[in-house]
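This is what each chain is made of:
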Amino acid sequence: MFKRILVPVDLSDPDHFRDALDTAANFSRQFASKVRLVSVLPVLPSVVADYVPLDTHNKMLDETSVKLNQLASTLSLGEGSCEVSVREGSVYHEIIEEAEACNADLIIMGSHRPAMATYLLGSNAARIVRHAPCSVMVLRGED
């Protein structure tokens, strides 16, 4: 049913991606799917970027990739069944682009419970659901 599952991971908020990882791993075992973990780093404003050494930026990318690979190894999926990707930019835009690039047929992601600000401004999860090129499963945390 699902051949390529994309799981957005915010490394700063493990409570909201753990269920998504577990669900993706279960689907992967059930449907022999490939899982792709993606983390999106914000683009530094040019005012800040001018003062940050280039090697610091590259180090952030490398550290994020290492952490994603460590997470991937905890899923205990077969060799080649889990890939990682690190992108930079707007969260919802980069996740949608990643879903298109890897031909995902399902995105599994965690989300916070909506607050009043979310109703007025929208959220990354809501934008991804509206614009994704595939099915999206949003798992709500306990909050």
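So, how was this worked out
Residues numbered from 1 in each chain as written. Predicted model: local features only at pLDDT ≥ 70, side-chain atom pairs only at ≥ 80, totals over all residues. Heavy atoms only, no water. Pairing = 2+ DSSP bridges. Helix = DSSP H or I, 4+ residues; strand = E, 2+ residues; numbered from the N terminus. Axes fitted to C-alpha atoms, helices over the stretch in contact; angles between N-to-C directions. Contact = heavy atoms within 4.5 Å. pLDDT = per-residue confidence, 0-100. Phe/Tyr/Trp six-rings, centres within 6.5 Å; stacked < 30°, edge-to-face > 60°. Buried < 20%, exposed > 50% of the residue type's maximum accessible area, 1.4 Å probe, protein only. Disulfide = S-S within 2.5 Å. Expected span 1.5 Å × (residues − 1).

**Details of the sheet that holds strand β3 (residues 82-88)**
Part 1 of the argument: The parallel open sheet is built from five strands, whose spatial order is β3-β2-β1-β4-β5. Looking along the sheet, the strands with just one partner apiece sit at the ends: β3 and β5 (135-140). Neighbour to neighbour, the strand axes of the sheet diverge by 25 degrees on average, direction disregarded.
Part 2 of the argument: Sheet analysis places strand β1 (residues 4-8) next to strand β2 (residues 34-41), joined by five bridges and oriented parallel. Note on β2: the bridge partner recorded for Ile5 is Val35.
Part 3 of the argument: This element, helix α1 (residues 18-31), spans β1, β2, β4 (106-111) and β5 of the sheet and lies at about 155 degrees to β4.

**Focus on the confidence of the model for the protein**
Part 1 of the argument: In this model, the protein carries an average pLDDT of 86, and 90% of its residues clear a pLDDT of 70 or more.
Part 2 of the argument: Confidence, expressed as mean pLDDT per element, reaches its minimum in the protein at helix α5 (residues 116-121) with 44 and its maximum at β1 with 96.
Part 3 of the argument: A low-confidence stretch, residues 116-121 (pLDDT under 50), is modelled with four contacts involving residues beyond four sequence positions or located in other chains.

**Some details on the packing of aromatic side chains**
Part 1 of the argument: Inspection of the entire model under this criterion finds three aromatic pairs.
Part 2 of the argument: Pairing Phe2 with Phe27 gives two aromatic rings, centres 5.8 Å apart and planes at 0 degrees, and the pair type is stacked. With Phe2 in the segment before β1 and Phe27 in helix α1, the pair connects residues that are 25 residues apart, well separated along the chain. We note that Phe2, like Phe27, is buried.
Part 3 of the argument: Residues Phe27 and Phe31 carry aromatic rings whose centres are separated by 5.8 Å and whose planes lie at 80 degrees to one another, so their mutual orientation is edge-to-face. Of this pair, Phe27 and Phe31 both sit in helix α1, separated by four residues, roughly a single helical turn. Neither Phe27 nor Phe31 differs from the other in exposure class; each is buried.
Part 4 of the argument: One aromatic cluster is present, formed by Phe2, Phe27 and Phe31 through successive ring pairs.

**A short note on the state of the cysteines**
Part 1 of the argument: Per the counting criterion, the structure on display carries zero disulfides.
Part 2 of the argument: No disulfide involves Cys102; its sulfur sits 7.9 Å from that of Cys134, the nearest cysteine.

**Observations regarding α1**
Part 1 of the argument: Between its first and last C-alpha, α1 extends 20 Å over 14 residues, near the 20 Å set by a 1.5 Å rise per residue.
Part 2 of the argument: Every buried residue belonging to α1 is among Ala20, Leu21, Thr23, Ala24, Ala25, Phe27, Ser28 and Phe31, and all of these are buried.
Part 3 of the argument: Next to the buried residues of α1 lie β1, β2, α3 (54-74), β4 and β5.
Part 4 of the argument: Backbone geometry just downstream of α1 places Ala32 in the positive-phi region, at approximately 55 degrees.

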